[in-house]
Amino acid sequence: MAAVPEPDEPAKRKPFKLLGILDVENIPCARDSILYGSLGSVVAGFGHFLLTSRIRRSCDVGVGGFILVTLGCWFHCRYNYAKQKIQQRITRQGMKNKLLYEGTHLDPERKQNNGNSSN
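My aim in this report is to walk through the structure given alongside it, one point at a time. Just so we're clear, the structure is a prediction, and the values are computed from it rather than from any experiment.

**So, the environment of Leu68**
Part 1 of the reasoning: Counting through the fold element by element, Leu68 comes out in helix α2 (residues 55-101).
Part 2 of the reasoning: Look at Leu68 and you get exposed, because its relative accessible area is 65%.
Part 3 of the reasoning: Through-space distance from the C-alpha of Leu68 to that of Gly37 is 7.5 Å; in sequence the pair is 31 residues apart.

Given below as structure tokens:
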């Protein structure tokens, strides 16, 4: 008999890998980049075909459009992702320091309040 998974346990799924190397579910920005790249290839290839009626060249333009749009979206998204991670780390560190120094002589707010009250 097959083992029935418990209802409390999440079902373990095999991750979807594109071309066997790119784990689309777990890598940030991969899914969006691939989707925008495929849309860009259709638009570029079909647009070139409507303008020139050359099938082979339109397919080449479509592949080039896929590569350019995918890489452009990938770098843009990864840049924003890295910037967001840095901001999160700075905020997390600031919150930790706030909790650590609150009420002590090292608290910057306490120094500012003491300086304003003496004026």
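**Structural notes on a nonpolar patch on the surface**
Part 1 of the reasoning: Residues Val42, Phe46, Phe49, Leu50 and Ile55 make up a contiguous nonpolar surface patch of roughly 520 Å² in combined accessible area.
Part 2 of the reasoning: With four residues, the single largest contributor to the nonpolar patch is helix α1 (residues 30-52).
Part 3 of the reasoning: Tracing the backbone shows Leu50 in helix α1.

**Comments concerning the state of the cysteines**
Part 1 of the reasoning: A complete count under the given rule lists one disulfide for this structure.
Part 2 of the reasoning: Paired through a disulfide, Cys29 and Cys77 show a sulfur-sulfur distance of 2.0 Å. Here the S-S torsion is close to -70°, and the disulfide linking Cys29 with Cys77 is therefore left-handed. Remark: Cys77 occurs in helix α2 and Cys29 occurs in the loop between β2 (22-23) and α1; sequence separation between them is 48 residues.
Part 3 of the reasoning: On the basis of relative accessible area, Cys77 is assigned to the partly exposed category, the value being 24%.

**Here we look at α1**
Part 1 of the reasoning: If you check α1, its first and last C-alpha atoms are 32 Å apart, about what 23 residues at 1.5 Å a residue would give, namely 33 Å.
Part 2 of the reasoning: Looking only at α1, the buried set comprises Ala30, Ser33, Gly37, Gly40, Ser41, Gly45 and His48.
Part 3 of the reasoning: Ser53 sits one or two residues past α1 and shows a positive phi near 60°.

**Regarding the environment of Phe49**
Part 1 of the reasoning: The residue Phe49 is located in helix α1 in this model.
Part 2 of the reasoning: Along the backbone, Phe49 and Cys59 are 10 residues apart, and their C-alpha atoms lie at a distance of 8.5 Å.
Part 3 of the reasoning: Non-local contacts of Phe49, meaning those with residues more than four positions away in its chain, are made with Arg54, Ile55 and Ser58.

What counts as what
- Residues numbered from 1 in each chain as written.
- Predicted model: local features only at pLDDT ≥ 70, side-chain atom pairs only at ≥ 80, totals over all residues.
- Heavy atoms only, no water.
- Helix = DSSP H or I, 4+ residues; strand = E, 2+ residues; numbered from the N terminus.
- Buried < 20%, exposed > 50% of the residue type's maximum accessible area, 1.4 Å probe, protein only.
- Patch = residues over 30% accessible without salt bridge, like charges linked within 9 Å, V, L, I, M, F, W, Y side chains within 5 Å.
- Areas by Shrake-Rupley, 256 points an atom, 1.4 Å probe, with all protein chains shown as cover.
- Salt bridge = Lys/Arg side-chain N within 4 Å of Asp/Glu carboxyl O.
- Disulfide = S-S within 2.5 Å.
- Expected span 1.5 Å × (residues − 1).
- Contact = heavy atoms within 4.5 Å.

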